[in-house]
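Coordinate analysis (summary)
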Amino acid sequence: MNLENWQTQLRKGLLDIVVLNLLNRGPSHGYEMVQTMKRIDGLQIREGNIYPILARLETDGLVASYSEPSTDGPPRKYFQLTEAGKKTLEAMNNHWDRLIKSLESIKKGTGV
Amino acid sequence: MNGQYRHSQPGYLTIFVSLIMIGVGVISYATGSQHFGTIFILAGIFCLVFGYKLTVEIKDDLLKFWFGPGVFWKSIPLEQIAYCQPFKGIILGWGIRITGDGWLYNVSGLKAVTVILKTGKKIHIGTDEPHKLIEALNSVLRGFEKDEAAGMWSEVKTDYLKRAEQALSAARHPRSFEILADVGSHLDRRFAELEPQQRTWDNFQKIITEMGPPSDYAELVGGNESVAKTASLTKYTAILTLILITVAAGMIFLPKMLKRDEAAKTKQVKSPLHEEQKVNAAIESAESWLQLIDEGKYSESWTQAAEYFRNFVNQQQWISSASAVRGPLGKVISRKVKTSTYKTQAPGAPDGQYVIIQFETSFENKADAVETVTPMMDSDGQWRVSGYYIR
């Protein structure tokens, strides 16, 4: 098994929940989110990948965008969670917690 | 403002072609093809008015260009332009059309300037002085004046955006354009963060590597869900172009086809009418001729028979035969046409126009006889009897 491949696929699969959780902190723009993720161990994202994800989440109605002028370049496009996004995130986080719990129980040998 | 620019390129060929179209239209109109003529005249006038020149202007932070008098124009805010360069492709034809990498606008010549927007989109503008236009544009594009590194960065960025566009096109996502714009802005910020001495080819490639392969975009964007929602702009443009070509071809060829159809219909309708008229004329001729026979005027019947008939049998032979056959039958009690058939061939006779007529005749001494009379169209266009047979 190629460990690197597995890590890449896992990271890709987690991108949605990571981005939504980042936006749950407050509105942010793509560049900022990339910089944040770069600092989190194991979540280093390829910078360009954030934009297709944000576009998809916006199409799904989970995030909304707006522009604000910037002093150091073109206007910045900010993203924020919508109500639907918040509900979905809550469900995703619950599911994730259950998964972690289940995985832990398997690891500890206490699971079914 | 520094860098103001305005130049008009005359469209000599467009003018020439337009005048030819108008000329063809006028001739067609005068010779009866009014629909065809009108279309050509109007198309010629349209091409002449809107294609006699292409003007490019840089003014008030806008790059603006228009055909003809400037009723319709296209303007691009200078702040949206990344850089410009001479058009590298091959120009085939003149007008407005989509190329492999953007729209091309021109009226003459084989030169153009490619304007690359920060989104990666390209627009090609025809001009007979590309280097002056590039110089003027470069002088007003903030941040790009005499900056070779910036030019190099633009190349790198544009290439990346182009690959991203291809990947997103495949996914057909409705927000493809927004994604490209966001990625473009992201790249601009990465470039702006670099100190002047850091603006090297290696660092540019490092940024591109950190962006990740554009091929990932299609997967990340979730292409399938959006297929039904929106086709890409390129696809719409291609369809629109196809429709316009079809409409134009229809406008040119439909009147001709309709005219041809009309002619064919007229021919089809006319043909049976013609035949009926011929049959009637032949019957009339046969009845007149039979009257001579009925009256015993055999000599006159020979004189008034068809040339072919007279060549086949001489007058004396005919008088002898006719009197021998008809004499014993006695007077005619009644006679009516039973059948009449138009033919272009007759057994033992040269090809021509024949009408084979059968009369149901009642003679004094033979109640139910059938007379077959075959008039033919003679060389002078008259129907004359070429055969007579009694059963």
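Before going into details, it helps to say that this report is about the structure given with it.

The rules behind each value
Residues numbered from 1 in each chain as written. Chains lettered and ligands numbered in written order. Predicted model: local features only at pLDDT ≥ 70, side-chain atom pairs only at ≥ 80, totals over all residues. Heavy atoms only, no water. Salt bridge = Lys/Arg side-chain N within 4 Å of Asp/Glu carboxyl O. Buried < 20%, exposed > 50% of the residue type's maximum accessible area, 1.4 Å probe, protein only. Helix = DSSP H or I, 4+ residues; strand = E, 2+ residues; numbered from the N terminus. Pairing = 2+ DSSP bridges. Contact = heavy atoms within 4.5 Å. Buried area = accessible area lost by both parts, 1.4 Å probe. Axes fitted to C-alpha atoms, helices over the stretch in contact; angles between N-to-C directions. Parallel < 35°, antiparallel > 145°, perpendicular 65-115°, else oblique. Left-handed = near helix turned anticlockwise from the far one by under 90°. Nonpolar A, V, L, I, M, F, W, Y, C, P; charged D, E, K, R; others polar.

**Focus on the pattern of salt bridges**
If you walk through the whole model with that rule in mind, you get 23 salt bridges over all chains. Here B:Glu129 makes a salt bridge to B:Lys132, at a shortest N to O gap of 4.0 Å. Of the residues examined, B:Lys132 reaches a relative accessible area of 52% and is grouped as exposed. A salt bridge links B:Glu360 to B:Lys336; the nearest nitrogen and oxygen atoms lie 3.9 Å apart. With a gap of 24 residues between them, B:Glu360 in strand S11 (residues 354–363) and B:Lys336 in strand S10 (residues 332–343) connect regions that are remote in the sequence. What emerges from the salt-bridge pattern is a single network uniting A:Lys38, A:Glu47, B:Arg190, B:Glu193 and B:Glu210.

**Regarding the sheet that holds strand S1 (residues 28–29) of chain A**
Working definition: the strands of a sheet are paired by backbone hydrogen bonds and lie parallel or antiparallel to each other. An order of S1-S3-S2 (chain A) is seen for the three strands of this open sheet, with the pairing classed as antiparallel. Two strands in the sheet have a free side with no partner beyond their single neighbour: S1 and strand S2 (63–68) of chain A.

**Some points on the interface of chain A and chain B**
When the parts come together, some accessible area is lost, and that loss is often what is quoted as the size of the interface. Taken together, the 25 residues of chain A in the interface contact 23 residues of chain B. For the pair chain A and chain B, the summed buried area comes to about 2,200 Å², and 50% of that belongs to carbon and sulfur atoms. Run the count over chain A and chain B and you get five salt bridges. The salt bridge partner of A:Arg46 is B:Asp216, with a shortest N-O separation of 3.3 Å.

**Description of the packing of helix H1 (residues 3–24) of chain A against helix H2 (residues 30–38) of chain A**
Residue and element names in this part refer to chain A. H2 packs onto H1 with a crossing angle of 110° between their chain directions and a minimal axis gap of 11 Å. When the axis of H1 is compared with that of H2, the two are roughly perpendicular. In this structure, H1 meets H2 at a crossing whose hand is right-handed. Each of Leu15, Val18, Val19, Leu22 and Leu23 in H1 lies in contact with H2, whose residues at this interface are Met33, Thr36 and Met37. Here the contact of H1 with H2 is composed, by residue class, of seven nonpolar, one polar and no charged.

**Quick word on the pairing of strand S2 (residues 53–59) of chain B**
Residue and element names in this part refer to chain B. Judged by how many residues are buried, S2 sits mostly within the fold: five of seven residues are covered. In terms of strand pairing, strand S1 (residues 5–10) meets S2 through six bridges, oriented antiparallel. Residue pairing for S2: Pro10 is matched across the bridge by Lys53. Relative to strand S3 (residues 62–67), S2 is paired through six bridges, and the arrangement is antiparallel. Bridge pairing in S3 places Thr55 opposite Trp66.

**Topic: the pairing of strand S13 (residues 383–390) of chain B**
Residues and elements named next belong to chain B. Burial analysis of S13 places six of its eight residues in the buried class, the great majority of the element. In the sheet, strand S12 (residues 369–377) pairs with S13 via six bridges, with the strands oriented antiparallel. Paired with Glu371 across the strands is Ile390, a residue of S13. Between S12 and S13, which pair antiparallel in sequence order, lie five residues; one of them, Gly381, sits at a positive phi of approximately 85°.

**Quick notes on the packing of helix H3 (residues 50–59) of chain A against helix H5 (residues 176–193) of chain B**
Relative orientation of the contacting elements H3(A) and H5(B) amounts to 140°, with a least axis distance of 9 Å. H3(A) and H5(B) meet at a crossing whose hand is right-handed. Residues A:Tyr51, A:Pro52, A:Ala55 and A:Glu58 of H3(A) pack against B:Glu178, B:Ile179, B:Asp182, B:Val183 and B:His186 of H5(B). Residue classes in the contact of H3(A) with H5(B) are distributed as five nonpolar, one polar and three charged.

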